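# Tertiary structure, described
If you want the building blocks of each chain, they are given just below.
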Amino acid sequence: MQFEHSAQEILSRLDELRAADAPTSGGHLLSYVYDPGVAGLDDLAGAAARKVQSLNGLDPTTFPSVATLERDLVALARSVLAEGVDGVVGSVTSGGTESCLLAVKSARDSWRAATGRDDRPTLVIGSTAHAAFVKAAHYLDLRLRVVPVDPDTCRLRPESVAAALDESVALVVASTPSYPHGALDPVDEIAEVCAEQGVPVHVDGCIGAWVLPWWPGAEDRPAWDLRVPGVASLSVDLHKYGYAPKGVSVLLYRDRDRHRRQWFATSAWPGYAVVNPTMLGSRTVMPVAAGWAVSRALGRSGFAELTGRIARAAEQLRKSVDAIDGLRVVGDPVGPLLAVATDEGAAPEGRVDPHRWADAVKDLGWTLQPQPGRTQPDGTRLPRTTHLTITPVTESVVVELADALTAAADTVRAVPGAQAPADFVAAARQIRPEDLTSENCAAVLSMVGLDPAAGLGGPMAELLALIEALPEPVAERLLVEFLARFMD
Ligand SMILES: *Cc1c(COP(=O)(O)O)cnc(C)c1O
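What you see is a predicted model; the values in this text were computed from it and never measured. (Residues numbered from 1 in each chain as written. Predicted model: local features only at pLDDT ≥ 70, side-chain atom pairs only at ≥ 80, totals over all residues. Heavy atoms only, no water.)

### Considerations on the site of the ligand
Around the ligand, a shell composed of G95, G96, T97, H130, Y179, D204, C206, I207, D237, H239 and K240 is seen. Contact between the ligand and D204: a nitrogen atom at 2.6 Å from a side-chain N or O atom of the residue. Here the shell around the ligand is built from residues that sort into three nonpolar, five polar and three charged. (Near = heavy atom within 4 Å. Polar contact = N/O pair within 3.5 Å; in protein donor to acceptor, adjacent residues only side chain to side chain. Nonpolar A, V, L, I, M, F, W, Y, C, P; charged D, E, K, R; others polar.)

### Here we look at the layout of surface pockets
Approximately 670 Å³ is the volume found for the second largest pocket. Lining the second largest pocket are 28 residues; nearest its centre among them are P60, A67, E70, W263 and P277. For the lining of the second largest pocket, the secondary structure elements donating two or more residues are α3 (64–81), β1 (89–93), α8 (256–260) and β9 (274–276). Top contributing element to the lining of the second largest pocket by residue count: α3, with six residues. Each residue belonging to the lining of the second largest pocket can be placed in one class, and the counts come to 14 nonpolar, seven polar and seven charged. (1 Å grid on protein atoms, 1.4 Å probe; cavity = no way out; pocket = protein on both sides within 12 Å on 5 of 7 lines; lining within 4 Å. Points joined across faces, edges and corners; volume = space filled by probe spheres on them. Helix = DSSP H or I, 4+ residues; strand = E, 2+ residues; numbered from the N terminus.)

### Re the packing of aromatic side chains
All told, the structure shown has seven aromatic pairs when counted by the stated rule. Plain terms: the ring middles of W210 and W214 are 5.5 Å apart, the flat faces sit at 85 degrees to each other, and that makes the pair edge-to-face. Each member of the pair W210 and W214 is classed as buried. Ring geometry for W210 and F303: centres 5.7 Å apart, planes at 75 degrees, overall edge-to-face. Of the two residues, W210 is situated in the loop between β5 (201–204) and β6 (231–237) and F303 in helix α9 (residues 286–322); the sequence distance between them amounts to 93 residues. By the burial criterion, W210 is buried, and F303 matches it. One aromatic cluster is present, built from ring pairs that chain together Y34, W210, W214, Y241, Y243 and F303. (Phe/Tyr/Trp six-rings, centres within 6.5 Å; stacked < 30°, edge-to-face > 60°. Buried < 20%, exposed > 50% of the residue type's maximum accessible area, 1.4 Å probe, protein only.)

### Concerning empty space enclosed by the protein
Tallied over the entire structure, the rule returns four cavities of 30 Å³ or more. Of the volumes computed, that of the largest cavity is approximately 90 Å³. Along the walls of the largest cavity sit L445, L450, L463, L466, I467, L470, A475, L478, L479 and F482, which together make up its complete lining. Of all the secondary structure elements, the ones that give two or more residues to the lining of the largest cavity are α14 (461–469) and α15 (472–487).

### As for the domain arrangement of the protein chain
Split into domains, the protein chain comes out as domain 1 (49–294), domain 2 (300–412) and domain 3 (422–487). Put simply, the middle of domain 1 and the middle of domain 2, counted by C-alpha atoms, are 28 Å apart. Taken together, the contact between domain 1 and domain 2 spans 30 residues of the former and 30 residues of the latter. Taking both partners together, domain 1 and domain 2 bury about 2,500 Å²; carbon and sulfur atoms supply 67% of that area. Applying the counting criterion to the domain 1 and domain 2 interface returns zero salt bridges. Connecting domain 1 to domain 2 are nine residue pairs in polar contact (both at pLDDT 80 or more). In terms of residue class, the side of domain 1 that touches domain 2 is made up of 19 nonpolar, eight polar and three charged. (Domains from an automatic or database assignment. Contact = heavy atoms within 4.5 Å. Buried area = accessible area lost by both parts, 1.4 Å probe. Salt bridge = Lys/Arg side-chain N within 4 Å of Asp/Glu carboxyl O.)

### With respect to the nonpolar core
With 103 residues, the main nonpolar core has V172, W210, W357 and L405 as its most contacted residues. When near neighbours in sequence (up to four residues on either side) are disregarded, W357 contacts L327, V340, V352, L368, T386, L388, L405, A408, A409 and V412. (Core = buried A, V, L, I, M, F, W, Y, C linked by side-chain atoms within 4.5 Å.)

### What about a nonpolar patch on the surface?
Together, I10, L11, L14 and L17 line one region of the surface with nonpolar side chains, adding up to about 360 Å² of accessible area. With respect to the helices and strands, L14 occurs in helix α1 (residues 7–18). (Patch = residues over 30% accessible without salt bridge, like charges linked within 9 Å, V, L, I, M, F, W, Y side chains within 5 Å. Areas by Shrake-Rupley, 256 points an atom, 1.4 Å probe, with all protein chains shown as cover.)

### Quick notes on the packing of helix α13 (residues 438–447) against α15
Running from amino to carboxyl end, α13 crosses α15 at an angle of 90 degrees, the nearest separation of the two axes being 9 Å. Comparing their axes, α15 and α13 come out roughly perpendicular. Facing α13, whose interface residues are S438, E439, C441, A442, V444 and L445, α15 presents R477, L478, E481, F482 and R485. Of the residues in the contact of α13 with α15, the class split is six nonpolar, one polar and four charged. (Axes fitted to C-alpha atoms, helices over the stretch in contact; angles between N-to-C directions. Parallel < 35°, antiparallel > 145°, perpendicular 65-115°, else oblique.)

### A look at a negative patch on the surface
Taken together, the side chains of E159, E189, E192 and E196 make up a negatively charged region of the molecular surface. The leading source of residues in the negative patch is helix α7 (residues 187–196), at three residues. Residue position: E196 is located in helix α7. On the basis of relative accessible area, E196 is assigned to the exposed category, the value being 61%. (Lys, Arg positive; Asp, Glu negative; His and termini not counted. Charge placed at Lys NZ, Arg CZ, Asp CG, Glu CD.)

This is the structure in structure tokens:
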């Protein structure tokens, strides 16, 4: 057959497109990507993915290799995160969000089976739990009860969880650690108060569970995984610190019946029997094979060594931030994440706004992730922060990075943080989000100087201030419009 475009032409177009992307290796992007900095690993992952490129994960009985790859990954996760616990089973999913959604589905259906009710149970999460659980409650139609965390440590308090429990609660989520601040929730204490009420706990280890087992001091910390009685399920993303390409996560359950409630099966149509452990039907096996290959290559000792590199970089960066006047590390993070806030203890002229800082760090060639401040349900405030995800490769650039963090703070010290224009916010409060059409959203975006066609390459402080100040449904609708128009 005559191709319309040559392979060379197509691939060079792809190179051209990729040139506009943020760099995925080298340590200058401190979110989204997890660069182990190990020669040969990406090539191995790619080669493994190629070998299963033509498979369909829909039916592991037709392609038994799929069952073996997934069984191996579940067994590995079980050996690390459920040591000595019998009967733990699980599934491989396409990522953290899917693992979280499925844990909630299983809990919802288990609650319905146990209570004989078919109404909406409640999902209890800390205010720092990953947004995937907000999405789960939305998609799966559970009531969401958000529990405030300790505003100093950003950890979920067992007594607050206990106060949120009643017979409607199907699941409580604890994070190890939380994404925004890297705070390790006290899983053992939370599981204990939940067990008293017969409520299961899901441990969201999506980001941390493949690092914490090897993190310095691990032996001295209370157990937080499936060894804790009362933990019913646990999620861990291999496409984060398992160094696999995107598309692979593991979800473990203490018992088979809970696991089976995650599944969907129907024989109610005239086609093949649909029996799906996860959300998709036909699905790729490429990231699964890649994650499997990477984990076999590294083994536990490899993950331990890479975790050591992350921990050394994290310690150095924490020291560097501590030494910057006007900034502080939030709480006492355990693991590879740091959140940085203004040091309110400094005199006003010595303070650094974390979003101005992130913008200044960006000008020096490093991309950090600004996070909005938020008022919790009890009225306490979680400050605006800037987030750093530290990876093994960070260690090799940590001196340069620390210099940039310090220099950037010097350029924006005493510059007040961005505030959304008051008249605009007042006007936005009058808007009924249901009335917002695509057209008038676009008008609003251009009013505040946001051009979707330009993307988010520029300063972020103003945009974050807007997200903080606008009513949530309005902010959410505008964010949808912004990204949709970027992609239209
Ligand atoms: C990344 C993450 C998720 C969601 O994972 P995705 O892979 O992005 O879908 C859930 N929980 C935590 C704590 C995470 O860090």
